[in-house]
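Working through the structure, step by step
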Amino acid sequence: MNDSTAPDEARGWRAKLFGRMLHSYFVLTRSMTMGVRAACFDSQGRIFLVRHSYVAGWHMPGGGVERHETVEQALAKELREEGNLVISGRPQIFHVYFNNRTSKRDHVVFYRVEVEQTVPRKPDLEIVESGFFPLDALPPGTTRATYRRLKELEGDAPPSNYW
């Protein structure tokens, strides 16, 4: 049985272990962690979401900013890796959040971007599902943080300082 067909419970403990090991590495090698995440919209106004193997729910794509990398370079890289997405036009920075649920030193730079997908992304060990969804038909399991960010983007709620 490969990981894409493994039961959720088996993926769950491996995912938690992987996440803790990864975060432990960052704690030892960095004084602060910074990530990027984006609300990615296609020409039809649908949003792109991903479901990871190591954390529950549907999320907006994103990831960590590496040494010697700008936040926009990290954004382009993460969108390419997580969705085969290419940014059209200029990314619009929306807000910077303190992600205190992850650690006491993690920040997320959040963007709104227009994207085109070069080819549909196939599931793998990191991303088990992905796709574009109409805003009024998000998939079951979409995270509360995703809903909060969308309300902020729409102007229905002021931006929080916390992810």
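Residues numbered from 1 in each chain as written. Predicted model: local features only at pLDDT ≥ 70, side-chain atom pairs only at ≥ 80, totals over all residues. Heavy atoms only, no water.

Under an unreviewed UniProt entry, the protein chain has the name ADP-ribose pyrophosphatase YjhB (NUDIX family) and belongs to Rhizobium paranaense. Quoted verbatim from the Cofactor (unreviewed entry) field of the UniProt record, the comment on the protein chain reads "Mg(2+)". (UniProt positions renumbered as here; feature names shortened; annotations may be inferred.)

Considerations on unusual backbone geometry
The phi torsion at H68 lies on the positive side, around 65°, for a residue other than glycine. Tracing the sequence through the fold places H68 in the loop between β4 (62-64) and α2 (71-83). Of note in this structure, N84 is not a glycine but carries a positive phi near 55°. When you line up the elements, N84 lands in the loop between α2 and β5 (85-98). Assessed through its relative accessible area of 21%, N84 is described here as partly exposed. (Helix = DSSP H or I, 4+ residues; strand = E, 2+ residues; numbered from the N terminus. Buried < 20%, exposed > 50% of the residue type's maximum accessible area, 1.4 Å probe, protein only.)

Things to note about the environment of D42
Checked against the element boundaries, D42 lands in the loop between β1 (33-41) and β2 (47-52). The spatial distance from the C-alpha of D42 to the C-alpha of V113 is 8.8 Å, given a sequence separation of 71 residues. Each residue touching D42, except ones within four places of it in the same chain, is listed here: E114, V115 and F132. A polar contact of 3.0 Å, which involves the side chain of D42, links it to the backbone nitrogen of Q44. (Contact = heavy atoms within 4.5 Å. Polar contact = N/O pair within 3.5 Å; in protein donor to acceptor, adjacent residues only side chain to side chain.)

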